[in-house]
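Here's the letter readout for the chains.
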Amino acid sequence: MALMLASCKKETEKAGNKINDAASSVTENSDAEKDSVTVKRDSVVQKESLPPAMQEDGFYNAFIFPKDKKMKDSLFSVFNKKYSEKERYAILALNRLDSKNKRNADTLVVPAKIDTTLMEYSPFPMQIDVLSPVKKFVVFSYPIQAYGVYSNGTLVKWGPTSMGKKTAKTRTGLTFANWKKQLAISTVSSEWKLPYNFNIFNLDGIGWHQYELPGYPASHSCLRLLMNDAKWLYGYADTWVLNPGGATTKAKGTPVLVYGDYKWGGRKPWRKLLNDPTANNISVEEMTKMIQPNIEKILKEQDNREKVVDSIRAAKAQLEQMPQNPKTEEP
């Protein structure tokens, strides 16, 4: 059983067999996708415009699994031995999968040089100048099923997500992080446990949290994350500040931008990396165009939040400095 490697070189002569990439039939998604990759054995001609990490051994390859269960099990055994636990985690993340759903895959996109931080493969720009004055910013991309986190315009983290399926799309647009709960229970089904839930659309009950990543948009409108990512974002993002009584918002939390739409029924975006390592990249110009109309509101809410938080801290400090009431003896 030989492993079949797929070259990602765009200009390389297209040859070989096309392999159907059927989306998993055992998941929630009723709109299963079909995809194909061209398998090649030709050497890769390196391209100067590509990141150095991708030039070393040929950008991305395809790890292909047959439908036969015994053969698939054998190849997964090879896969598990070939890559360390951290490397397998990174590979699955690139394919928008968690470990529970990995066996549903018939093809995995595998980088020739594996960066377990994923930063070498970021589809988001490393720096966005328009966000320089913004302390915290989170973006979710529907088209490529990924999220990115910026601090003062610098990308500090990105990862995979599974957003709303076609019949229950996730709302898009600028919003702000609201409240969070370490373990929430879904109002749709009490059986759905949602670790590290962070609400971003309060009236709709939509937020990000840990849940299964099957390799395509499959949620009921929420934004699913890997456990490590959900936990990290739970600690990173700021919640809202409510007025006394909790009926109105005094200050908003971290700004969040959800944008775009998924190409339903089309080829999975990350599979395009096999032909073009930059296929999923979002340009600085594109990101700036989306953010610029919202930057005034983002900065206004950020300034307001800082004033509110400072006033709360000042009031708390003043309260702590007040002398305690002296004890009096009973008559």
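In what follows, the structure referred to is the one given above.
Just so you know, these numbers come straight off a predicted model, no measurement behind them. (Residues numbered from 1 in each chain as written. Predicted model: local features only at pLDDT ≥ 70, side-chain atom pairs only at ≥ 80, totals over all residues. Heavy atoms only, no water.)

Which residues make up the packing of aromatic side chains, and what are the values?
Within this structure, the stated rule accounts for 15 aromatic pairs. Through a chain of ring-to-ring contacts, three or more aromatic side chains come together here, namely Phe 140, Tyr 147, Tyr 196, Phe 198, Trp 208 and Tyr 234. Over the ring of Tyr 236 we find Lys 136; its NZ or CZ atom is 5.0 Å from the centre of that ring. Between the NZ or CZ atom of Lys 180 and the centre of the ring of Tyr 234, over which it lies, the distance is 4.5 Å. (Phe/Tyr/Trp six-rings, centres within 6.5 Å; stacked < 30°, edge-to-face > 60°. Lys NZ or Arg CZ within 6 Å of the ring centre and 35° of its normal.)

Tell me what's going on with the pattern of salt bridges, and back it up with residues and numbers.
Applying the stated criterion across every chain, the model contains 9 salt bridges. Residues Lys 136 and Asp 238 are paired through a salt bridge, measuring 3.3 Å at the closest nitrogen-oxygen approach. Here Asp 238 lies in the loop between helix H4 (227–236) and strand S13 (241–242) and Lys 136 lies in the loop between strand S4 (107–111) and strand S5 (137–141), a separation of 102 residues in the sequence. As a salt-bridge pair, Asp 261 and Lys 169 come within 3.2 Å of each other at their nearest N and O atoms. In this pair, Asp 261 is assigned in the loop between strand S15 (255–259) and helix H5 (284–291) and Lys 169 in the loop between strand S7 (154–160) and strand S8 (173–176), connecting sequence segments 92 residues apart. Sharing partners across several salt bridges, the network here consists of Lys 69, Asp 73 and Arg 103. (Salt bridge = Lys/Arg side-chain N within 4 Å of Asp/Glu carboxyl O. Helix = DSSP H or I, 4+ residues; strand = E, 2+ residues; numbered from the N terminus.)

Lay out the pairing of S7 with the relevant residues and their values.
Buried residues dominate S7, accounting for 5 of its 7 residues. In this sheet, S7 lies alongside strand S6 (residues 146–151) in antiparallel orientation, the contact comprising 6 bridges. Considered in S7, the bridge of Ser 151 is made with Thr 154. Count of turn residues in the S6/S7 antiparallel hairpin: 2 residues, of which Asn 152 carries a positive phi of about 50°. (Buried < 20%, exposed > 50% of the residue type's maximum accessible area, 1.4 Å probe, protein only. Pairing = 2+ DSSP bridges.)

Quick one: what's the story with the layout of surface pockets, residue by residue and with numbers?
The computed volume of the largest pocket comes to approximately 440 Å³. Every residue lining the largest pocket is counted, 22 residues in all, and those nearest its centre are Ser 186, Thr 187, Leu 194, Gly 205 and Cys 222. Contributing elements (two or more residues each) for the lining of the largest pocket: strand S9 (180–185), strand S10 (193–201) and strand S11 (206–210). For the lining of the largest pocket, the class distribution of residues is 9 nonpolar, 10 polar and 3 charged. (1 Å grid on protein atoms, 1.4 Å probe; cavity = no way out; pocket = protein on both sides within 12 Å on 5 of 7 lines; lining within 4 Å. Points joined across faces, edges and corners; volume = space filled by probe spheres on them. Nonpolar A, V, L, I, M, F, W, Y, C, P; charged D, E, K, R; others polar.)

Residue-level account of helix H6 (residues 295–321), with values.
Over its 27 residues, H6 extends 39 Å from the first C-alpha to the last, a length consistent with the 39 Å expected when each residue adds 1.5 Å. Of the surrounding secondary structure, the elements contacted by the buried residues of H6 are S5, S8, S13, strand S14 (249–251), S15 and H5. (Expected span 1.5 Å × (residues − 1). Contact = heavy atoms within 4.5 Å.)

Explain the sheet that holds S9 residue by residue, including any values.
Pairing between sheet strands relies on hydrogen bonds along the backbone, with the strands arranged either parallel or antiparallel. Across the sheet, 4 strands lie side by side as S9-S10-S11-S12; this open sheet has mixed pairing. Strand pairing shows two members of the sheet lacking a second neighbour, S9 and strand S12 (223–225), which therefore form its edges. The sheet shows a mean angle of 35° between the axes of neighbouring strands, taken without regard to direction. Direction of pairing for S10 relative to S11: antiparallel, over a ladder of 3 bridges. Residue pairing in the sheet places Phe 201 in a bridge with Ile 206 of S11. Each of S9, S10, S11 and S12 touches H4; the most contacted strand, S10, lies at about 50° to it. (Axes fitted to C-alpha atoms, helices over the stretch in contact; angles between N-to-C directions.)

Describe the sheet that holds S15, naming the residues involved and giving the relevant values.
Strand order across the open sheet formed by 5 strands is S7-S6-S5-S15-S8, with mixed pairing between neighbours. Edge positions in the sheet fall to S7 and S8, since each has one partner strand and no second. Strand-to-strand twist of the sheet, defined as the mean angle between neighbouring strand axes without regard to direction, takes the value 20°. Where H6 meets the sheet, it contacts S5, S8 and S15, and its direction lies at approximately 5° from that of S8.

Without other data, these values stay purely geometric and don't point to any function.
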